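# Secondary and tertiary structure notes
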Amino acid sequence: MQHEAAIRLLAADLVPDSVTRDALLPLRAELDRLDSLMDESEERAHSLPHRERYLVLQISLIRRVIQAHRDWLDEVERTLS
């Protein structure tokens, strides 16, 4: 996902901003899918008491990365609108 977005931005000067923006915004659906996977992973983590705190910490990091992507897409949308 990250590489695809970076490539689209590198070529953004060749197409209108609206085309670049519209091509990137569907990535939100992928972020939603990843959020759902993290929900499932967290539920499973609670069933593994000996590993739970480590898994929850890892999931926390992943959720922050997902949120960073959401924030970046918000910025893209604002900048290219």
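Heads up: the structure comes first, above all this text.
Here is a short report on the structure shown in this document. (Residues numbered from 1 in each chain as written. Predicted model: local features only at pLDDT ≥ 70, side-chain atom pairs only at ≥ 80, totals over all residues. Heavy atoms only, no water.)

## Considerations on helix H3 (residues 27–45)
- Its 19 residues place the ends of H3 27 Å apart at the C-alpha level, agreeing with the 27 Å of an ideal helix rising 1.5 Å per residue.
- Taken together, the buried positions of H3 are Leu 27, Leu 31, Met 38 and Ala 45. The buried residues of H3 all sit within an arc of 45° when viewed along its axis, so they share a single face. Exposed residues lying more than 90 degrees from the buried face of H3 are Ala 29 and Glu 43. (Helix = DSSP H or I, 4+ residues; strand = E, 2+ residues; numbered from the N terminus. Expected span 1.5 Å × (residues − 1). Buried < 20%, exposed > 50% of the residue type's maximum accessible area, 1.4 Å probe, protein only. Arc of directions from axis to C-beta.)

## Brief notes about the nonpolar core
- With 10 residues, the main nonpolar core is built from Ala 5, Leu 24, Leu 27, Leu 31, Met 38, Ile 59, Ile 66, Leu 73, Val 76 and Leu 80.
- Elements represented by at least two residues in this core include exactly H3 and helix H4 (52–80).
- Ranked by residues supplied to this core, first place goes to H4 with five residues. (Core = buried A, V, L, I, M, F, W, Y, C linked by side-chain atoms within 4.5 Å.)

## Things to note about the pattern of salt bridges
- Scanning all chains against the criterion turns up nine salt bridges.
- The residue Arg 28 makes a salt bridge to Asp 74 at a minimum N-O spacing of 2.8 Å. With Arg 28 in helix H3 and Asp 74 in helix H4, the pair connects residues that are 46 residues apart, well separated along the chain.
- Take Arg 28: its relative accessible area is 23%, and that puts it in the partly exposed class.
- A single salt-bridge network, built from bridges that share partners, covers Arg 28, Asp 74 and Glu 77. (Salt bridge = Lys/Arg side-chain N within 4 Å of Asp/Glu carboxyl O.)

In short, shape yes, function no, at least from these values alone.
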